[in-house]
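# Fold and contact review
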Amino acid sequence: MYVFTYLYIVWFFHLVLLTSELITLQHLNRKAIIYIRQSTPHQLISNQESLRLQYALHQRAIELGWSDNNIEVIDSDLGITAASAEQRPGFKELLAQVTLGLVGIILSYDVTRLSRNCSDWYPLLDLCGYRNCLIADRDGVYDPSSANGRLLLGLKGQISEVELHTIRSRLNAGILSKAQRGELALTLPVGLVRNELGVVDKDPNREVIDRINLVFEIFGQRKSASKVLETFNGEGLLLPRRNRFGDIVWRKPSVASIISILKNPAYAGAFVYGRTRTLKRGLVSNQPQQKQLPMAEWKIRVNDIYPAYISWQTYERNQAQLMDNYAEYDRNKTRGIPRPGAALLHGIVYCGECGHKMVVQYKGATRYICNSLRQQYRVPVCQYIPADAIDEYVVNAFLEALSSVELDAYHKAIKTQQQSQETVERAHSQQIQRLQYQVALAERQFNQVDPDNRLVAAELELRWENALRELKLAKDYYAQRQRPQTVDQIPKELKAAFITIGQKLPELWHNDTLTQVQKKSLLRCLIDKVVIHRVVRDTVRTRIIWKGGDTTTVDLPIPVGSFLEMTAATELENRIIAMSQQGVDDQTIALTLTELGYRSPLCKTLLPSTVKTLRLKHHIFHSSSQSHPRQISGYLTVPQVAKSLELSPHWIYDRIHKGTIAISKDESTGLYLFPDMPGTLEQFQKLKAGLVYNLRFS
């Protein structure tokens, strides 16, 4: 019923508006603008008949009463879609002239030429109605200022927008259907080519194939895109890339080019469609942004479509490694690459209190700090823990786990090294062969040119010279490059250690044979993460989560700042008092209580000095000299001065050290001796009160 109603309205208005009764002298005194547009460059070339029909509107304008010199054609939007007014300079020029009241009528073959978006269409109708500008198409002439004209033009605009949506949906459905079968012809990366029959093969250039394989091989060994770049730059190797015409060019590698190879699933033989999403930010976006989607959100993936350089399992491991290497590991919860810092658990240590990743602080001492909540909510630091004790335990657990494993790392490493050297040598040889061919080609082209044609001959001569220069540079670099260490140059002791690496690794670990980066890489081979939680002030519960899910948990003692911060401080003090009262010497007490698990605040064992300090605190003396300060006739010692002034002896020693109190030690006693006179204490009183700033005793 709605369809018949619409057809009736169209038929009625067609009869009414087909005439030119709407055109007045006011309209004829202004311009007639003919707007011409094709949606795509392909239509511009193939749909020539449609283009002729649009240009034929010039005659239609003359028939409606406009003179030839008062007709303007706007065709600057050829090849541009009407889905939006953005990027359409011709449409914007049309709006500007209508706004200035210069246009009497706009002619277009149909309204879809003007706009396929109601957001642009209705403002044009409002503007034309306000400026008394008519709109005409192949069906008739319409007045946007009248209700009937606006109704019909509005229907035409809505139908035009729906038609665009229908066309786009139909095209997208066809693209998705073809993509689900893996038959959609997408742009292939360098190293893959599509023949005339649409079949994809590897590039016939052997150097291209080997160079891409070299990228994956080095990444598998060194686990970092930056390390791959370092190897390529160190060897002076170039990377094949495609220019905008699809031809292969050899360029200096970059991190972006290497990552693009590592992240492209086509090298794993997979056809993927929908790896990106277009985002439009703001109300108007001239340049929509492409956002890379994670692998789980890819729209279509069909494996085993292209010839593969690597397996799909290797591709997934590479993506996991790249994500793990991501520099912003604190925010993205990845480990990051091993770095040459002192903390061995950098990137794999987590807080047992809140579960966030901990970071390393090297200020003063190496510590693991959990400051994630502090960064988000400005609350105090969750916990900070000394790193040395944790690292030592984890390393010992790691070495113990490897002690029973029989590994022959030497022969495996030598085999890998030889393969890498052969691959690099082959890459250099292929690069020189390619440059030699370019030199021969440039020479042939130069020899075939007419010598009298100096413009062409000069350019070909320049190309020949450039090719010779590049070949010479490549040969010189290959001859001068530093050769890697060969097998015969490895010391016999190191060779024997690598053959039985499981048993010899502790020795290699502790004699500085391995770098910090290598140690961290080894730890990550077996350990997934380490969770630490300070259960009490001097104890940290450490849980090692191994690869595979097994865990090892232990409570580790850690250094604290004072004796009172220790959990068993009272119990330890009572034991020391009891043994001292029985006449046991400090050394024996320290050894005995160390065996029972007691320790000093900063050490793993109980020090005799700690025993002595606690014993003297309770006035338990082993010699008479310890019961009272030393008395020297005519002089005052530091403890005597401190007692008279009600100060700590440390207060006086600190000012002696800083030079505030100038005095030298007595050679016979080794003590700081002050004259036993009333003036001495008076000087100290003034120093204490801030009346003087320096004291001098000769």
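How each quantity is defined
- Residues numbered from 1 in each chain as written.
- Predicted model: local features only at pLDDT ≥ 70, side-chain atom pairs only at ≥ 80, totals over all residues.
- Heavy atoms only, no water.
- Helix = DSSP H or I, 4+ residues; strand = E, 2+ residues; numbered from the N terminus.
- Buried < 20%, exposed > 50% of the residue type's maximum accessible area, 1.4 Å probe, protein only.
- Arc of directions from axis to C-beta.
- Contact = heavy atoms within 4.5 Å.
- Pairing = 2+ DSSP bridges.
- Phe/Tyr/Trp six-rings, centres within 6.5 Å; stacked < 30°, edge-to-face > 60°.
- Lys NZ or Arg CZ within 6 Å of the ring centre and 35° of its normal.

## Topic: unusual backbone geometry
In the Ramachandran plot, asparagine 132 falls in the positive-phi region, its phi being about 55 degrees despite a non-glycine side chain. Inspection of the secondary structure assignment puts asparagine 132 in the loop between α8 (118-130) and β4 (134-136). Looking at asparagine 132, the relative accessible area reads 23%, which means it is partly exposed. Positioned with a positive phi, lysine 223 is a non-glycine residue whose angle comes to about 65 degrees. For lysine 223, the position within the fold is in the loop between α10 (206-222) and α11 (225-235).

## Details of helix α6 (residues 89-99)
Residues of α6 that are buried: Gly90, Phe91, Leu94, Gln97 and Val98. The buried residues of α6 occupy an angular sector of 125 degrees when the element is viewed end-on, so they sit on one face. Buried positions along α6 lie against β1 (31-35), β2 (71-74), β3 (103-107), α7 (111-114) and α8. Positive backbone phi, at 75 degrees, marks glycine 101, one or two positions downstream of α6.

## Describing the sheet that holds β1
Strand order across the open sheet formed by 5 strands is β2-β1-β3-β4-β5, with mixed pairing between neighbours. On the outer flanks of this sheet lie β2 and β5 (141-142), each paired with one strand and no other. Where β1 lies against β2, 4 bridges are found, and the strand directions are parallel. When the bridges of β2 are listed, alanine 32 appears paired with isoleucine 71.

## A look at the pairing of strand β9 (residues 248-251)
Of the strand pairs in this sheet, strand β8 (residues 239-242) and β9 are connected by 4 bridges, and their pairing is antiparallel. Its bridge partner lying in β9, proline 240 is registered against tryptophan 250. Joining the antiparallel neighbours β8 and β9 is a turn of 5 residues, in which glycine 246 adopts a positive phi near 90 degrees.

## Things to note about the packing of aromatic side chains
Taken as a whole, this structure holds 10 aromatic pairs when the rule is applied. Their ring planes at 75 degrees and their centres at 5.5 Å tell us that tyrosine 267 and tyrosine 309 sit as a pair that is edge-to-face. A residue pair is termed long-range when its members are at least 10 positions apart, and tyrosine 267 in the loop between α12 (255-263) and β10 (271-273) and tyrosine 309 in the loop between β13 (300-302) and α13 (312-324) qualify at 42 residues. Here the aromatic cluster, defined as three or more aromatic residues joined through ring pairs, consists of Phe216, Tyr267 and Tyr309. Looking at lysine 202, its charged tip hangs above the ring of tyrosine 309, at a distance of 4.4 Å from the centre. Stacked on the ring of tyrosine 350, the Lys or Arg lysine 529 has its end atom at 4.5 Å from the ring centre.

By themselves, these are just geometric observations and shouldn't be taken as functional.
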